[in-house]
Amino acid sequence: MTDWPIAEVARMSGVTARTLRHYDETGLLPPARIGTNGHRYYGEHQLLRLQQILVLRALGVGLHEIGRILSEQVDEVEALRGHLRRLLAERDRLDALAGTVSRTIAELEQSRKDGGSMTINRPENLFEGVQPSQYEETLRDFPELAEEVRRRTAHATPAEIEAKHRERTAQMIRIAELMAAGAPAGAERLQAEIHAQYEALVALRAVSVDEYLALARSCTDNEAWQAAYELIAPGLAAYHRAAMEAYAAARLR
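In this text the structure is predicted, and so the values were computed from the model without any measurement. Here the residue numbering is sequential within each chain, running from 1 through the sequence in written order. At least 70 in pLDDT is required for a residue's local features to be given in this predicted model, at least 80 for side-chain atom pairs to be given and counted, and no such filter applies to totals for whole chains, interfaces and linings, which use all residues. Where side-chain values are given, they derive from all heavy atoms of the structure, hydrogens and water being excluded.

**A word on the sheet that holds strand β3 (residues 40–42)**
Using the following cut-off: Note on pairing: two strands pair once DSSP finds at least 2 bridges between them. Where helices and strands are cited, they refer to DSSP runs of H or I of at least four residues and of E of at least two residues respectively, numbered from the N terminus.
Here we have 3 strands laid out as an open sheet, ordered β1-β3-β2, and antiparallel in their pairing. Because the sheet does not close on itself, it has two edges, and the strands there are β1 (4–5) and β2 (33–34).

Structure follows, in structure tokens:
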């Protein structure tokens, strides 16, 4: 029977070895075997299970709920049919999201033709097709933090979740406006926004300087995260990363 070492599974799936180890430690995805060298090896059954995990994660399902779904499913084909239905619904949402991005591009291009600076018109429209649950997906390389976010929001009402989403939206728009105004990464107003984000982060769980810097790098290195920023304004992902790195250098060292 063919099996693959954890490094190869990470390469094929795009999931970090750290995340795969976390899935094993929580019982979500144990490997097929552990070699005499202590390395994890995965067989075809584990790859199919990982596929289901990633599909459900892409659909915004939390790790705890994924574990429940996988433990209750009996027939893999029926389970995949259910995932397919969800994916088709997600396709429709992405079509709406593509329309949102197209409108934003058109507005930005028109403002440039008119000779004006970058403007953000009707910011609430920037997020049509974006679901609050996607914030967890941006934390896929930080499973412990993602799970804490899921736990905190599990019993929140739709109105409370929407309010938090609006709050994050407003903050990112303020940061985008500072970028448009040419504020440097260490600017006082920008750093005040970053400090508010940091305070919200450590309210969830303590993070080391190295973990915070890894989160900063995810602004540009994590495709889902970067896409969320770029929906607001081109270049915002790199700008936010630079601001977080400046914050770490000034306050966390």
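**Re the pattern of salt bridges**
Put simply, the rule reads: One side-chain nitrogen of Lys or Arg within 4 Å of one carboxyl oxygen of Asp or Glu is enough to make a salt bridge.
Inspection of every chain in the model, using the stated rule, returns 8 salt bridges. Among the ionic pairs, Arg33 bridges to Asp3, the shortest N-O distance being 2.7 Å. Here the residue Arg33 occupies a position in strand β2, and Asp3 occupies one in the segment before β1, the gap between them amounting to 30 residues. It is possible to trace a salt-bridge network through shared partners that takes in Asp221, Arg241 and Glu245.

**Focus on helix α3 (residues 44–58)**
The cut-off we apply is this: To estimate how far a helix should extend, the number of its residues minus one is multiplied by 1.5 Å. Buried, partly exposed and exposed residues are distinguished by accessible area as a fraction of the type maximum, computed with a 1.4 Å probe on protein chains only: under 20%, between the cut-offs, and over 50%, respectively.
Taking 1.5 Å as the rise per residue, α3 with 15 residues should run 21 Å; its terminal C-alpha atoms sit 21 Å apart, in good agreement. Along α3, the positions that sit buried rather than exposed are Gln46, Leu50, Gln52, Ile53, Val55, Leu56 and Arg57.

**Some thoughts on the side chain of Gln171**
Selection rule: Whenever two N or O atoms come within 3.5 Å, that pair is a polar contact, provided that in protein one can donate a hydrogen and the other can accept it, and provided that, for residues adjacent in sequence, both atoms are side-chain atoms.
Within the fold, Gln171 resides in helix α8 (residues 158–180). Residue classification places Gln171 among the buried positions, given a relative accessible area of 12%. In terms of polar contacts, Gln171 uses its side chain to reach the backbone carbonyl oxygen of Glu193, at 3.3 Å.

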